[in-house]
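What follows is the residue order along each chain.
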Amino acid sequence: PIVKEYSRLAERYDSRWSFYVEMTVRETAARLGLSGAERLLDVGCGTGELLRHLSAAHPAPLLSGIDPVAEMLSVARRKLGTAIDLREGWAENLPFDSQRFDVVVSCNMFHYILHPADSLGEMRRVLRSGGRLVITDWCGDFWTCRVCDWYLRFFRSAHINVYREQALVLLLEDSGYVIANLARYKISRLWGLMTVVATVA
């Protein structure tokens, strides 16, 4: 379902959700703490907006992205060129060597993951010891996100689950991560997100 839905949306995704994309990219980038020599993987990179933002100040060859939707990656490649390694695939089976990355980031896609424990295990596998996982996603502690979660469960088969802060923390800890920082915030009067920074235990 997610491939079908986002194949159709790919060409107009950035313009349709411009405010949402801009704000989530800004908030996530601000919390990455990315240094000049770190390798980063964007899981669920979509149209590549976060990678485009990061590449303005970070060496493009150190950036990689993966997404299951070929049409979204096509949009990303037009923006990013060939220096950034973009691959088609799923979070549950990342096509990268173990301990390849210093940072793995997931921006507004965790609520689509069908098998979160498997995905977190794969993210841990491709992170070096002491590497960071950064997840930005909808936060179920805000009532508007809970209402949206309830609605989408009935009417959009691509949607899986919106996590509350504590549920996501427990999931990460059970998957072998140590929570370094967690921020919960609004990007508009109604819409709330959270960003969790965790390290590999």
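Sequence positions are assigned chain by chain, starting from 1 and proceeding in written order. Predicted model: local features are reported for residues with pLDDT of at least 70 only, side-chain atom pairs are reported and counted for 80 or more only, and whole-chain, interface and lining totals are derived from all residues. Side-chain metrics rest on all non-hydrogen atoms present in the structure, leaving aside hydrogens and water.

(A) Inspection of the pattern of salt bridges at higher detail. For this document, the term salt bridge refers to a Lys or Arg side-chain nitrogen within 4 Å of an Asp or Glu carboxyl oxygen. Under the defined criterion, the tally for this structure stands at 12 salt bridges. Between Glu-27 and Arg-31 there is a salt bridge, and its shortest N-O distance comes to 2.6 Å. Separated by four residues within a single helix, Glu-27 and Arg-31 lie in helix 3 (residues 18–32), roughly one turn from each other. For Glu-27, a relative accessible area of 14% puts it in the buried group. Residue Arg-31 is classed as partly exposed on the basis of its relative accessible area, which comes to 25%. Linking Asp-85 and Arg-87 is a salt bridge whose minimum nitrogen-to-oxygen distance equals 2.9 Å. Judged by relative accessible area, Arg-87 falls into the partly exposed class, the value being 29%. Overlapping salt bridges bring together Asp-14, Glu-49, Arg-52 and Lys-79 as one network. By definition, any uninterrupted DSSP run of H or I lasting at least four residues is a helix, any uninterrupted run of E lasting at least two residues is a strand, and each is numbered from the N terminus. A simple rule labels every residue: compare its accessible area, found with a 1.4 Å probe on the protein chains alone, to the largest value its type can have, and call it buried under 20%, exposed over 50%, or partly exposed in between.

(B) Structural detail: a positive patch on the surface. A contiguous patch of positive charge on the surface is contributed by Lys-4, Arg-8, Arg-12 and Arg-16. Relative to the elements of secondary structure, Arg-12 occurs in the loop between helix 1 (2–9) and helix 2 (13–16). Each patch is built from residues that are more than 30% exposed by relative accessible area and take part in no salt bridge. Like charges join if they lie within 9 Å; nonpolar side chains (Val, Leu, Ile, Met, Phe, Trp, Tyr) join within 5 Å. Surface accessibility in these figures is a Shrake-Rupley result with a 1.4 Å probe; residues are shielded only by whichever protein chains are displayed. Under this rule, positive means Lys or Arg and negative means Asp or Glu; His and the chain ends count for nothing. Charge positions are represented by NZ for Lys, CZ for Arg, CG for Asp and CD for Glu.

(C) Summary view of helix 5 (residues 70–80). If you check which residues of helix 5 are buried, you get Met-72, Leu-73, Val-75, Ala-76 and Leu-80. Down the axis of helix 5, the smallest arc covering the buried residues is 155°, so these residues share one side. Should any heavy atoms of two residues lie within 4.5 Å, those residues are counted as being in contact. For helix 5, the elements touching its buried residues are helix 1, helix 2, helix 4 (49–55), strand 2 (63–67) and strand 3 (85–88). Residue Gly-81 follows helix 5 closely and has a positive phi angle near 75°. As used here, the arc belongs to the directions running from the helix axis to the C-beta atoms.

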